[in-house]
Amino acid sequence: MSAPTATPHATRGADDDQASTVRAFEAFGDGDWDEIAREAVGEERIVVNMGPQHPSTHGVLRLMLEIDGETVTEARAGIGYLHTGIEKNMEYRTWTQGTTFCTRMDYVAPLFQEAAFCLATERLLGITDDVPERASEIRVLMMELNRISSHLICLGTGGNEMGATTVMTVAFTAREEILRLFEAVTGLRMNHAYIRPGGVAIDVPDDFAAQARPAMERVRGYLGQLADLMIANPIFKARLVDVGALNLAGCMALGITGPVLRSTGLPYDVRKQAPYCGYETYDFDVPTDTAADCYSRAVLRIEECYQSMRLVEQALARLDASAGAPVMVADKKIAWPAQLAIGGDGQGNSLEHIRKIMGTSMEALIHHFKLVTEGFRVPAGQAWQTVEHPRGELGVHVVSDGGTRPYRAHFRDPSFNNLQAVSVMCEGGQVADVVVAVASLDPVLGGVDR
Amino acid sequence: MSGASVPDGGGPGGEVVAPPAGATQLEVVEVRKGMFGVGDSGDTSGYGGLVAPVVMPGPSARPYGSWFDEVVDVLAEVLAEGGLAYDDAVEKVVVDRHGATTPDAPQVELTLYVRREHLVPVCQALRDDQDLRFEMSLGVSGVHYPHETGRELHAVYHLVSITHGRRLRLEVAAPDADPHMPSTVSVYPTNDWHERETYDFFGLIFDGHPALTRIEMPDDWVGHPQRKDYPLGGIPVEYKGATVPPPDTRRSYS
């Protein structure tokens, strides 16, 4: 790699002056892969490139495996194939627009990024204690629903990778129930941008509890089916028990959190250790195991789904009690005058609100325009907020320079960090166990690469 | 810039905690003039005369409140045992109150600004001493302040103590002309990929890192994209006859 000689530019042409001094990557010829493969010529060992386009790597994860017979002697993970510069993009949008960007990072668990970003923004604004109770209840409800749907993806795709198609179909059918609930609340199945600094964009529909309670019962039924298919299944156990082991010391050194850490016996959960959104007032348990293998992680995820259902029930009961309460902070200089409505074509501005600002109140129109185009100013400083993501501890570091846009927004994605454990979990094991070990980390490459 | 005049704890609505003496000191990072990127004589926006200082929260004075004093005292003691003076290692301590009404509210955050040459012993002390036990690192994030001459590049380390249920932040600065920083991988192996990411996006070189290579961008990429002086590289887009410039050259509220 040579030092940059001219102004770097993302769209520089291939025939720039720099082209001759920069080492080019090619899929054939003198690329990095060619070097690795050439080194291995004439030796017993085989070097296998798995991914980035491989059906069992959960997206565009690239694994470089050195194999001796059926044993993996070296495993390295390569990432970056889905890097889209979301953090950089957020620096050029208002704080409210930031939620529409960070929701696209880990697209399987979008509401956690939104919640963490908004909690961090609220810290900078100094309004943490002013966020209405009902907004926090809705956030807890949405996050726990999302935790179930995310764990279902992990279990379903993990099962599918081992050849158990029924596990996948049952899990996706159950997830569909939750996505329908998301659609009823936010108008969308993913990329919600529903949680906003100061609260949430819109209250849940009046009949939401009537939709959610039967849906939860159906999800409970599907979870029972999944548990029947997985937990006592001898084939499943033969593939997972004692595979991909990572003990507590390894987890602490590598900063591994979430179900992988809890499978070593440490009940570390951010919801208990540093509660946010009022989690300290809910009644739930943190399931742990001591086997520290892939099987225990799968069982823990099923167990966590049941705990999340307990939380959903409690949140629904609280929402019944707080019906009609505000869902956005009272300060009109922060609360977006969104007044959204769910129409036949999804979420949009409420016609009633548009009629009011366009027809009757010039001040309301000016206020709406200023807040939506300029945004609100956030006092200079920095904040760090973590939440318990389905995959571990999600951290958000936001820096403000006192302007209307984040000066810097950094996401510590649990998948990104946890992928560092691939080498430790796979080396010395069988080739077939690599897929199982990676599935037990449950990486989502949208979050890894951001 | 009404918001910027409130360093910390002064959020809209919330009661302000009486700041300890000296805590109101501000650090002017940058002074911006005008609005919408125009400030010359041809300005017709009416905002040309606007002068807006960018001020970051300044150092806090004792008592810091909550468990913060205890941690700082123990850290000073442990560093002294290792022959390192606390004042040499730690430049300043900043407590961000974020509008909290009580000193031990969950949103109050502690930041230690550490001189880069002493980063590793400070991390070692924070991890290993039984009264500190910040046993897990949650990674590194870089921030680029092009206007802070001599300390343009910052690396921020987020540590968590599961034993004591505490969180703190270390901030280390390096000049753009000498973007070197000691690697913390020997203390926190998890920072391996996080330091690679910070190198990739900011060009901070972590000395002693086992394999400091790019992680997100391609190996042959030129430049470090998260730096403030890196252009976005967008192209103007035509929409209904008008031209929309790339986001970083668009008019914006400064």
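Calculation rules
- Residues numbered from 1 in each chain as written.
- Chains lettered and ligands numbered in written order.
- Predicted model: local features only at pLDDT ≥ 70, side-chain atom pairs only at ≥ 80, totals over all residues.
- Heavy atoms only, no water.
- Helix = DSSP H or I, 4+ residues; strand = E, 2+ residues; numbered from the N terminus.
- Buried < 20%, exposed > 50% of the residue type's maximum accessible area, 1.4 Å probe, protein only.
- Contact = heavy atoms within 4.5 Å.
- Areas by Shrake-Rupley, 256 points an atom, 1.4 Å probe, with all protein chains shown as cover.
- 1 Å grid on protein atoms, 1.4 Å probe; cavity = no way out; pocket = protein on both sides within 12 Å on 5 of 7 lines; lining within 4 Å.
- Points joined across faces, edges and corners; volume = space filled by probe spheres on them.
- Polar contact = N/O pair within 3.5 Å; in protein donor to acceptor, adjacent residues only side chain to side chain.
- Buried area = accessible area lost by both parts, 1.4 Å probe.
- Salt bridge = Lys/Arg side-chain N within 4 Å of Asp/Glu carboxyl O.
- Nonpolar A, V, L, I, M, F, W, Y, C, P; charged D, E, K, R; others polar.
- Disulfide = S-S within 2.5 Å.
- Phe/Tyr/Trp six-rings, centres within 6.5 Å; stacked < 30°, edge-to-face > 60°.
- Lys NZ or Arg CZ within 6 Å of the ring centre and 35° of its normal.
- Expected span 1.5 Å × (residues − 1).
- pLDDT = per-residue confidence, 0-100.

Let us look at the overall build of chain B. From N to C terminus, chain B includes four helices and eleven strands. Going through the 254 residues of chain B one by one, you find that 54% of them count as buried. Considering only contacts within chain B whose residues lie at least 6 apart along the sequence, 56% involve residues at least 24 apart. Summing over all exposed atoms, chain B offers an accessible surface of approximately 10,800 Å²; the carbon and sulfur share of this is 52%.

With that out of the way, let us pick up the overall build of chain A. When you go through chain A residue by residue, the secondary structure sums to 18 helices and ten strands. Considering chain A as a whole, with its 450 residues, one finds that 59% of them fall into the buried category. Expressed as a percentage of contacts within chain A between residues at least 6 apart in sequence, the contacts between residues at least 24 apart total 69%. Put simply, chain A shows about 17,100 Å² of open surface, and 55% of that area lies on carbon and sulfur atoms.

Bringing empty space enclosed by the protein into the picture now. Residues and elements named next belong to chain A. Under the defined criterion, the tally for this structure stands at six cavities of 30 Å³ or more. Size it by volume and the largest cavity reaches roughly 140 Å³. For the largest cavity, the lining is made up of 14 residues, of which Cys154, Gly158, Leu240, Ala298 and Ala439 are closest to its centre. Those elements that place two or more of their residues in the lining of the largest cavity are helix H5 (133-161), helix H8 (234-240), helix H12 (294-321) and helix H17 (431-441). Per element, the largest residue contribution to the lining of the largest cavity is four residues, and it comes from H5.

Bringing the side chain of Glu87 of chain A into the picture now. Inspection of the secondary structure assignment puts Glu87 of chain A in helix H2 (residues 86-90). A relative accessible area of 3% places Glu87 of chain A in the buried class. A polar contact of 2.8 Å, which involves the side chain of Glu87 of chain A, links it to the side chain of Arg450 of chain A. Not counting chain neighbours up to four residues away, the residues in contact with Glu87 of chain A comprise Met105, Arg408, Ala409, His410, Phe411 and Arg450 of chain A together with Glu197 and Gln226 of chain B.

With 76 residues of chain B in contact, the opposing surface of chain A contributes 72 residues. Together chain B and chain A conceal approximately 6,200 Å² of surface at their shared face, both sides included; 55% is due to carbon and sulfur atoms. On the chain B side of the contact with chain A, Trp193, Glu216 and Tyr253 of chain B bury the most area, a combined 12% of that side's loss. In this assembly, chain B and chain A are joined by five salt bridges. Between Arg450 of chain A and Glu216 of chain B there is a salt bridge; the shortest N-O distance is 3.9 Å. The tally of links from chain B across to chain A stands at 27 residue pairs in polar contact (both at pLDDT 80 or more). When contributions to the side of chain B that touches chain A are tallied by element, the ones reaching two or more residues are strand E2 (51-57), strand E4 (109-114), strand E5 (136-144), strand E6 (153-161), strand E7 (166-174) and helix H4 (191-202) of chain B. Here the side of chain B that touches chain A gets eight residues from one element, more than from any other, and that element is E5 of chain B.

On to the side chain of Asp106 of chain A, then. Residue and element names in this part refer to chain A. For Asp106, the position within the fold is in the loop between helix H3 (95-102) and helix H4 (110-125). There is a polar contact of 2.9 Å between the side chain of Asp106 and the side chain of Arg391. Excluding residues within four positions of it along the chain, Asp106 makes contact with Gln113, His389, Arg391, Asp413, Ser415, Val444, Gly446 and Gly447.

What follows deals with the layout of surface pockets. The calculated volume of the second largest pocket comes to roughly 980 Å³. In terms of lining, the second largest pocket is formed by 42 residues, of which the most central are Arg123, Pro275 and Tyr276 of chain A together with Pro106 and Gln107 of chain B. Contributing elements (two or more residues each) for the lining of the second largest pocket: H4, H5 and strand E8 (381-389) of chain A together with E4 and E7 of chain B. In the lining of the second largest pocket, the residues fall into 17 nonpolar, twelve polar and 13 charged.

This part covers the pattern of salt bridges. Residue and element names in this part refer to chain A. Evaluated as defined, the whole model comprises 40 salt bridges over all chains. A salt bridge links Arg271 to Glu144; the shortest N-O distance between them is 3.2 Å. Of this pair, Arg271 sits in helix H11 (residues 270-273) while Glu144 sits in helix H5, placing them 127 residues apart in sequence. We note that Arg271, like Glu144, is buried. Here the salt bridges do not stand alone but share partners, grouping Glu144, Arg147, Arg262, Asp269, Arg271, Glu304 and Glu388 into one network.

A few words now on the environment of Gln385 of chain A. Residues and elements named next belong to chain A. Note on placement: Gln385 falls in strand E8. Sequence-wise, Gln385 and Gly447 are 62 residues apart; in three dimensions their C-alpha atoms are separated by 17 Å. Not counting residues within four places of it along the chain, the set of residues in contact with Gln385 comprises Ala116, Leu119, Ala120, Arg123, Tyr276, Leu394, Gly395 and Val396. A distance of 3.1 Å separates the side chain of Gln385 from the side chain of Arg123, its partner in a polar contact.

Once that is clear, we can look at the state of the cysteines. All names here are of chain A. Evaluation of the coordinates by the stated rule reveals zero disulfides over all chains. Left unpaired, Cys305 is separated from the closest cysteine sulfur, that of Cys154, by 9.3 Å. A residue is classified by how much of its surface remains accessible, and Cys305, at 0% relative accessible area, is buried.

For the rest of this paragraph, the subject is the packing of aromatic side chains. This structure, assessed with the given rule, holds nine aromatic pairs over all chains. Summarising the aromatic geometry, the rings of Trp67 of chain B and Phe68 of chain B are spaced 4.6 Å apart at their centres and angled 85 degrees between planes, so their arrangement reads as edge-to-face. The same class applies to Trp67 of chain B as to Phe68 of chain B, namely buried. In this structure an aromatic cluster arises from ring pairing among Tyr276, Tyr279, Tyr282 and Phe284 of chain A. Cation over ring: Arg318 of chain A sits above Tyr282 of chain A, and NZ or CZ is 3.8 Å from the ring centre.

Our focus in this paragraph is helix H7 (residues 208-230) of chain A. All names here are of chain A. With 23 residues, H7 extends 32 Å between its outermost C-alpha atoms, agreeing within 8% with the 33 Å of an ideal straight helix rising 1.5 Å per residue. Among the residues of H7, those classed as buried are Phe208, Ala209, Ala212, Ala215, Met216, Val219, Leu223, Leu226, Ala227 and Met230. For H7, the secondary structure elements touched by its buried residues are H5, helix H6 (165-186), H8 and H12.

This paragraph deals with the confidence of the model for chain A. All names here are of chain A. On average, residues of chain A carry a pLDDT of 86, and 88% of them reach 70 or more. Contacts for the low-pLDDT stretch residues 1-5, under 50 throughout, to residues beyond four places or in other chains number eight contacts. Between residues 22-29, whose pLDDT stays under 50, and residues either more than four places distant or in other chains, the model counts eleven contacts.

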